[in-house]
Amino acid sequence: MTIEKKNWPLWEVFIRGKQGLNHKHVGSLRASDSVMAIKNARDVYTRRAEGISIWVVPSNMISASDPCDEESLFEPSQSKVYRHPTFYDVPDGISHM
Amino acid sequence: MEKVDNKDLEKKFQEKIDQDIKIEPNDWMPDNYRDTLIRQISQHAHSEVVGMLPEGNWITRAPNLRRKAVLLAKVQDEAGHGLYLYSAVETLGADREDTIDDLHSGKAKYSSIFNYPTLTWADMGAIGWLVDGAAIMNQVPLCRCSYGPYARAMVRVCKEESFHQRQGFEVMTKLAAGTPEQKEMAQDALNRFWWPALMMFGPNDADSKHTEQSMKWKIKRHTNDELRQQFVNVTVPQAEMIGLTVPDKDIKWNDSKNGYDFGAINWDEFWQVVGGNGPCNQERVEARRKAKENGSWVVEAAAAFANKRMKKTA
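Residues numbered from 1 in each chain as written. Chains lettered and ligands numbered in written order. Predicted model: local features only at pLDDT ≥ 70, side-chain atom pairs only at ≥ 80, totals over all residues. Heavy atoms only, no water.

**Overview of the overall build of chain B**
Across its full length, chain B carries 12 helices and 2 strands. The C-alpha radius of gyration of chain B comes to 21 Å, within 12% of the 20 Å expected for a compact globule of 314 residues. If you line up chain B on its principal axes, its C-alpha atoms span 75 × 55 × 35 Å. In chain B, which comprises 314 residues, the share counted as buried stands at 49%. In chain B, of all internal contacts separated by at least 6 residues, the share reaching a separation of at least 24 is 77%. Of the roughly 15800 Å² of accessible surface on chain B, 54% is carried by carbon and sulfur atoms. Side chains of chain B give 42 positive and 45 negative charges; the mean places of these two sets differ by 5 Å. (Helix = DSSP H or I, 4+ residues; strand = E, 2+ residues; numbered from the N terminus. Rg over C-alpha atoms; globule rule 2.2 N^0.38 Å. Buried < 20%, exposed > 50% of the residue type's maximum accessible area, 1.4 Å probe, protein only. Contact = heavy atoms within 4.5 Å. Areas by Shrake-Rupley, 256 points an atom, 1.4 Å probe, with all protein chains shown as cover. Lys, Arg positive; Asp, Glu negative; His and termini not counted. Charge placed at Lys NZ, Arg CZ, Asp CG, Glu CD.)

Right, here's the structure in full:
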């Protein structure tokens with residue numbers, strides 16, 4: 001990969017709000033390398049104590065599912081109600097289940 | 001390959017919008033929807049960035065350290081808002097630098113309010129109170145905009161904008177309660193920024209060419225006149241409360257519409273400023289152009305450094 005002069009690469013930014021939480025996608029920014037991307041992410045996305053940890057990932061390294069495949073990918077899980085505990089009858093008087 | 005029927009896609013798209021399902025970057029969308037958003041979001045981004053200039057003018061001359069720290073933080077926020085929005089516009093496939101070059105060539109517009117000069121310290125109060133106040137009116141409904149990345153950027157912006165308005169109102173309150181000269185300065189700032197602030201909502205509904213389609217696409221949720229009326233309704237009592245007078249002799253409470261009647265806006269002035277003939281249009285664009293030119297060596301040097309390091313580690 002060579003960086004062109006006109007546009008620095010695009011990075012996706014993920015922030016961990018506090019210990020115990022997942023990193024969550026918050027947006028993107030441009031930077032020449034990962035060190036600058038983290039510094040810029042600090043300035044752009046954590047001016048009000050929004051996080052304690054930052055991940056940056058080059059946007060072109062992310063593979064995404066195609067919205068056109070939404071049905072074939074996710075519809076099967078809609079019909080499998082037996083995966084949810086509410087599908088089952090629990091007799092009255094049974095607890096801790 | 002299956003032949004894709006655009007009519008069918010468009011129908012499905014509008015159904016999603018009608019059901020308040022957000023549109024995300026990779027979803028199919030009509031070209032006009034994409035173009036409208038690219039235009040609107042990039043111009044919104046430019047407004048945030050150009051908006052730093054009138055206030056940057058007073059950072060070194062803030063009356064005390066507290067005001068200086070606050071103004072500096074506010075201007076930094078505006079830069080951040082510009083960056084959230086340029087990111088959002090890139091999700092639509094627009095090239096960030098191209099949109100910025102459109103600003104510099106005069107092809108893209110930005111909010112006309114920033115073509116007015118900031119003559120006194122009180123203007124920092126008037127801008128925070130009125131200009132950020134009007135921006136909030138505009139931006140709160142945009143948090144529910146149909147395009148996901150724009151809506152999410154607006155949520156962040158609105159959270160931060162509220163401090164901007166309060167700090168401005170605080171400046172005005174202090175000046176209005178100060179010496180006669182200070183009060184006069186506050187009133188003068190209100191006089192100069194009141195009408196341009198009302199113009200920020202854009203032309204009257206009858207003359208707004210984009211409103212109807214944008215409302216159908218739920219990019220826009222309220223018309224220009226609705227938002228303007230709402231702004232007048234909340235702002236007039238705020239002025240009264242701190243002993244200042246809105247410069248409009250036609251302001252009068254109207255029970256039947258549960259809002260204030262107000263005087264006619266000078267649309268000729270509005271179109272002049274939009275058309276490039278405001279007091280500071282050239283100065284603003286020139287400052288942006290110079291900033292890009294003077295900073296280009298940094299952009300190139302950082303790219304060269306990153307390329308060199310990648311070669312070494314490869």
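**Let's talk about the overall build of chain A**
Assigned secondary structure in chain A consists of 2 helices and 3 strands. What you see in chain A, going N to C, is helices and strands ordered as β-β-α-β-α. Expressed as lengths along the three principal axes of its C-alpha atoms, the size of chain A is roughly 70 × 35 × 20 Å. Expressed as a percentage of its 97 residues, the buried residues of chain A come to 26%. Taking the intrachain contacts of chain A between residues at least 6 apart in sequence as the baseline, contacts between residues at least 24 apart amount to 44%. A total accessible area of about 7300 Å² is found for chain A, and carbon and sulfur atoms account for 55% of it. Separation between the mean location of the 12 positive side-chain charges and that of the 12 negative ones in chain A comes to 14 Å.

**Thoughts on the packing of helix 6 (residues 122-142) of chain B against helix 7 (residues 148-176) of chain B**
All names here are of chain B. For the pair helix 6 and helix 7, the least separation of the axes is 7 Å and the interaxial angle reads 150°. By the angle class used here, helix 6 and helix 7 are roughly antiparallel. When the axes of helix 6 and helix 7 are compared, the crossing they make is left-handed. The class makeup of the residues in the contact of helix 6 with helix 7 is 16 nonpolar, 9 polar and 2 charged. (Axes fitted to C-alpha atoms, helices over the stretch in contact; angles between N-to-C directions. Parallel < 35°, antiparallel > 145°, perpendicular 65-115°, else oblique. Left-handed = near helix turned anticlockwise from the far one by under 90°. Nonpolar A, V, L, I, M, F, W, Y, C, P; charged D, E, K, R; others polar.)

**Things to note about the interface of chain B and chain A**
The interface of chain B with chain A comprises 27 residues on the first partner and 22 residues on the second. Summed over both sides, the interface between chain B and chain A buries roughly 2100 Å², with carbon and sulfur atoms accounting for 51% of that surface. The tally of links between chain B and chain A comes to 7 salt bridges. Put simply, Arg156(B) and Glu50(A) hold a salt bridge, and the shortest N to O gap is 3.7 Å. It is helix 12 (residues 281-313) of chain B that contributes the most residues to the side of chain B that touches chain A, 10 residues altogether. (Buried area = accessible area lost by both parts, 1.4 Å probe. Salt bridge = Lys/Arg side-chain N within 4 Å of Asp/Glu carboxyl O.)

**As for the sheet that holds strand 2 (residues 23-30) of chain A**
Residue and element names in this part refer to chain A. Strand order in the open sheet formed by 3 strands is 2-1-3, with antiparallel pairing between adjacent strands. A single partner strand is all that each edge strand has here, and the edge strands are strand 2 and strand 3 (53-58). Sheet twist, expressed as the average angle between the axes of neighbouring strands with direction ignored, equals 30°. In terms of strand pairing, strand 1 (residues 10-16) meets strand 2 through 7 bridges, oriented antiparallel. Within strand 2, the residue paired with Val 13 across the bridge is Gly 27. (Pairing = 2+ DSSP bridges.)

**Considering the packing of aromatic side chains**
All names here are of chain B. Tallied over the full model, the rule gives 13 aromatic pairs over all chains. A centroid spacing of 5.0 Å and a plane angle of 85° characterise the contact between Trp 253 and Tyr 260, whose relative ring orientation is edge-to-face. Classification of Trp 253 by relative accessible area gives partly exposed; the value is 40%. For Tyr 260, a relative accessible area of 11% translates into the label buried. Cation over ring: Arg 61 sits above Trp 58, and NZ or CZ is 4.0 Å from the ring centre. (Phe/Tyr/Trp six-rings, centres within 6.5 Å; stacked < 30°, edge-to-face > 60°. Lys NZ or Arg CZ within 6 Å of the ring centre and 35° of its normal.)

**Observations concerning a nonpolar patch on the surface**
On the surface, Val81(A), Tyr82(A), Phe87(A) and Tyr88(A) cluster together into a nonpolar patch covering about 420 Å² of accessible area. Following the sequence through the fold, Val81(A) ends up in the segment after helix 2 (70-78). (Patch = residues over 30% accessible without salt bridge, like charges linked within 9 Å, V, L, I, M, F, W, Y side chains within 5 Å.)

**Describing helix 10 (residues 224-241) of chain B**
Look at helix 10 of chain B: 26 Å from first C-alpha to last across 18 residues, which is about the 26 Å you get at 1.5 Å a residue. Asn224(B), Leu227(B), Arg228(B), Gln229(B), Phe231(B), Val232(B), Thr235(B), Val236(B) and Ala239(B) are the residues of helix 10 of chain B that are buried. (Expected span 1.5 Å × (residues − 1).)

**Some points on unusual backbone geometry**
At Ala49(A), a position not held by glycine, the phi torsion is positive, near 55°. Summarising the element assignment, Ala49(A) is placed in the loop between helix 1 (34-45) and strand 3. Given a relative accessible area of 71%, Ala49(A) falls into the exposed group. Unusually for a residue other than glycine, Asp20(B) sits at a positive phi of about 60°.

**Some words on the packing of helix 5 (residues 96-105) of chain B against helix 12 of chain B**
Residue and element names in this part refer to chain B. Contact pair helix 5 / helix 12: the axes reach a minimum separation of 9 Å and the direction vectors enclose 140°. Put simply, helix 5 runs oblique to helix 12. Taken together, the residues of helix 12 that come into contact with helix 5 (itself represented by Glu 97, Ile 100, Asp 101, Leu 103 and His 104) are Val 285, Arg 288, Arg 289 and Lys 292. Residues that form the contact of helix 5 with helix 12 fall into these classes: 3 nonpolar, 1 polar and 5 charged.

**Notes on the environment of Phe270(B)**
In this fold, Phe270(B) is placed in helix 11 (residues 267-277). Discounting residues that sit within four places of it in the chain, Phe270(B) has contacts with Met199(B), Gly202(B) and Pro203(B).

**Things to note about the pattern of salt bridges**
Residue and element names in this part refer to chain B. Taken as a whole, this structure holds 29 salt bridges over all chains when the rule is applied. A salt bridge links Glu 90 to Arg 96; its shortest N-O distance comes to 2.9 Å. This pair shows no difference in class: Glu 90 is buried, exactly as Arg 96 is. Put simply, Glu 286 and Arg 289 hold a salt bridge, and the shortest N to O gap is 2.9 Å. Note that Glu 286 and Arg 289 are positioned in helix 12 at a spacing of 3 residues, about one turn of the helix.

**Quick word on the side chain of His46(B)**
Tracing the backbone through its elements, the reader meets His46(B) in helix 2 (residues 31-50). Non-local contacts of His46(B), meaning those with residues more than four positions away in its chain, are made with Gly51(B), Tyr86(B), Thr99(B), Ile100(B), Leu103(B), Ala108(B), Lys109(B) and Tyr110(B).

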